[in-house]
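Chain by chain, the residues:
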There are 2 protein chains.
Amino acid sequence: MATTEIFLKMTFDRWNGSIANWDKILNDLTDETLQKEIAPGKNRGIYLLGHLIAVHDEMLILLDMGEKLYPQLYEPFIKSPDKTVNQLPPASELRSFWAKQCEVLKQKFDSLKPEEWFEKHTAVSAEDFAKEPHRNKLNIIITRTSHLQYHSGQLVLLK
Amino acid sequence: MATTEIFLKMTFDRWNGSIANWDKILNDLTDETLQKEIAPGKNRGIYLLGHLIAVHDEMLILLDMGEKLYPQLYEPFIKSPDKTVNQLPPASELRSFWAKQCEVLKQKFDSLKPEEWFEKHTAVSAEDFAKEPHRNKLNIIITRTSHLQYHSGQLVLLK
């Protein structure tokens, strides 16, 4: 196996494993439990779920893979802190957004050729990319895997 | 920059960034706060700190980089759940273990040649590695970065 393929496998094993782990935690929680705070005074489970969907939607833009699926989630789940927005979508709806989004991301990720992962993402200029070639599309997967793990360590506290 | 070097930079930027983020959270917490549970009935901050040191010590073995620095932490922080061991080391001692270990790991990681990161780690047989070349040393860094992020998302709740 060529080095590039090995590296892609390591990166996507980690991404897919992190998604699977989040799903396992999420599926063990009821919609009611998602309304609880992960710790006193901290974010609620439902906020973490909406936040992840909104952040993963931004990945579509960064990876130049089309439009966001749920642009309406940016305002309540990225721009606004938890418990400052009057009405959030119900947990059941967010669960279905999440499942659909995971499918779409998987399909789009699978369609990229190995070398395309080493092209620049959309938030870096061609000039900066020439000097900093690690600011590529694959790095978006790597950093968002970290982000997903960070919040998985929080959601699990509701179990 | 060669593809291998770009991979290594992406991986170690994430590892180093995750260590720096943990340090930032940890340095904002007093020894007293570390004695608190991250959420009611869950692990205490001090347990997470000891757990990370113990897990990172295992990396030395997996990466064939010598002996553990603090083998005495395996029993209380990996084998035993929190609040089942009578006396844990004081937080001040764990903080100094952590700082020292980060230095040692950095030095050892820096000493490896790029191609050595793609050699097998010690927990995989030569036979299995021939079929699964992604089970290399670099993958240990990638998976432990996920682990570190997971627990960082928990420690931050004590702030």
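See above for the structure.
Here we summarise the structure given alongside this text. As the structure is a prediction and not an experimental result, all values here were calculated from the model. (Residues numbered from 1 in each chain as written. Chains lettered and ligands numbered in written order. Predicted model: local features only at pLDDT ≥ 70, side-chain atom pairs only at ≥ 80, totals over all residues. Heavy atoms only, no water.)

### Considerations on empty space enclosed by the protein
Selection rule: A 1.4 Å probe that fits but cannot get out identifies a cavity on a 1 Å grid over protein atoms alone, an open set with protein on both sides within 12 Å along at least five of seven lines counts as a pocket, and a residue lines either if it has an atom within 4 Å of a point. Grid points are joined across faces, edges and corners, and a volume is the space filled by probe spheres set on the points. Only DSSP runs of H or I reaching four residues or more are called helices, and only runs of E reaching two or more are called strands; each is numbered from the N terminus. Note on residue classes: Ala, Val, Leu, Ile, Met, Phe, Trp, Tyr, Cys and Pro are nonpolar, Asp, Glu, Lys and Arg are charged, and everything else, Gly too, is polar.
According to the stated counting rule, one finds one cavity of 30 Å³ or more in the structure shown. As a volume, the largest cavity reaches approximately 140 Å³. Around the largest cavity, the lining residues are F7(A), T11(A), R14(A), I142(A), T145(A), S146(A), T11(B), R14(B), I142(B), T145(B) and S146(B). When residues of the lining of the largest cavity are traced back to their parent elements, those giving at least two are α1 (3-27) and α7 (137-155) of chain A together with α1 (3-27) and α7 (137-155) of chain B. Per-class residue counts for the lining of the largest cavity are three nonpolar, six polar and two charged.

### Let's talk about helix α3 (residues 45-62) of chain B
Residues spaced three or four apart along an α-helix point in a common direction, a consequence of the helix completing one turn every 3.6 residues. All names here are of chain B. The following threshold applies: The span expected for a helix works out to 1.5 Å for each residue beyond the first. The buried label applies to any residue whose accessible area, calculated with a 1.4 Å probe on protein chains only, is under 20% of its type's maximum; exposed applies above 50%, and partly exposed to all values in between.
When the terminal C-alpha atoms of α3 are compared, their 26 Å separation across 18 residues agrees well with the 26 Å that a helix rising 1.5 Å per residue should span. With respect to burial, α3 is a largely interior element, 16 of its 18 residues being buried. Immediately beyond the C-terminal end of α3, within one or two residues, lies D64, with a positive phi of roughly 60°.

### Focus on the packing of aromatic side chains
Selection criterion: Between 30 and 60 degrees the pair is tilted, below 30 it is stacked and above 60 it is edge-to-face, where a pair is any two Phe, Tyr or Trp rings, Trp via its six-membered ring, whose centres lie within 6.5 Å.
Within the structure shown, the criterion is met by 17 aromatic pairs over all chains. Pairing F12(A) with F109(A) gives two aromatic rings, centres 5.9 Å apart and planes at 55°, and the pair type is tilted. With F12(A) in helix α1 and F109(A) in helix α5 (residues 91-111), the pair connects residues that are 97 residues apart, well separated along the chain. Judged by centre distance (6.0 Å) and plane angle (65°), the rings of W15(B) and F109(B) are edge-to-face. In this pair, W15(B) is assigned in helix α1 and F109(B) in helix α5 (residues 91-111), connecting sequence segments 94 residues apart.

### Details of the relation of the copies chain B and chain A
Superposition of the two copies of the chain requires a rotation about an axis together with a shift along that axis. Just so we agree on the cut-off: Copies overlap after least-squares fitting; the atoms used are the C-alpha atoms of residues with pLDDT of at least 70 in both.
Least-squares fitting of chain B to chain A yields an RMSD of 0.0 Å, with the superposition described by an axial translation of 0.0 Å and a rotation of 180°. What we have between these two chains is a two-fold relation.

### Section: the side chain of Q101(A)
Residues and elements named next belong to chain A. Put simply, the rule reads: Contact between two residues is taken to exist if any of their heavy atoms lie within 4.5 Å; hydrogens are not considered.
You can see Q101 is positioned in helix α5. With a relative accessible area of 0%, Q101 lands in the buried category. With sequence-adjacent residues up to four places away left out, Q101 is seen in contact with L52, I53, H56, D57, L69 and Y70.

### Comments concerning the interface of chain B and chain A
The criterion, for reference: A 1.4 Å probe defines the accessible area here, and the buried area is the portion of it lost by two parts on being joined, summed over both. For salt bridges, the criterion is a side-chain nitrogen of Lys or Arg within 4 Å of an Asp or Glu carboxyl oxygen. Under this definition, polar contacts are N or O atom pairs within 3.5 Å; protein pairs additionally need one hydrogen-donor-capable and one acceptor-capable atom, and for neighbouring residues in sequence, both atoms have to be side-chain atoms.
With 34 residues of chain B at the interface, the matching set in chain A holds 33 residues. Between chain B and chain A, roughly 2,700 Å² of surface is buried when both sides are summed, and carbon and sulfur atoms account for 73% of that area. Our count for the contact surface shared by chain B and chain A stands at zero salt bridges. Counting the contacts that link chain B with chain A gives six residue pairs in polar contact (both at pLDDT 80 or more). Elements with a contribution of two residues or more to the side of chain B that touches chain A: α1 and α7 of chain B.

### Brief notes about the nonpolar core
The test is simple: Here the nonpolar core consists of buried residues drawn from Ala, Val, Leu, Ile, Met, Phe, Trp, Tyr and Cys, with membership extended through side-chain atoms lying within 4.5 Å.
Judged by nonpolar contacts, the single largest core of 100 residues is most densely connected at F109(A), W117(A), F109(B) and W117(B). Looking at this core, the elements with two or more residues in it are α1, α3 (45-62), α5 and α7 of chain A together with α1, α3, α5 and α7 of chain B. Setting aside residues up to four positions removed in sequence, W117(B) forms contacts with L8(B), F12(B), L63(B), M65(B), F109(B), L112(B), N136(B), K137(B), L138(B) and I141(B).

### Details of unusual backbone geometry
Residue and element names in this part refer to chain A. Despite not being glycine, D64 has its phi angle at roughly 60°, a positive value. With respect to the helices and strands, the residue D64 is situated in the loop between α3 and α4 (74-79). The residue K83 is not glycine, and still its phi comes out positive at about 65°. Looking at the element boundaries, K83 is found in the loop between α4 and α5. Relative accessible area serves as the criterion here: at 41%, K83 is assigned to the partly exposed category.

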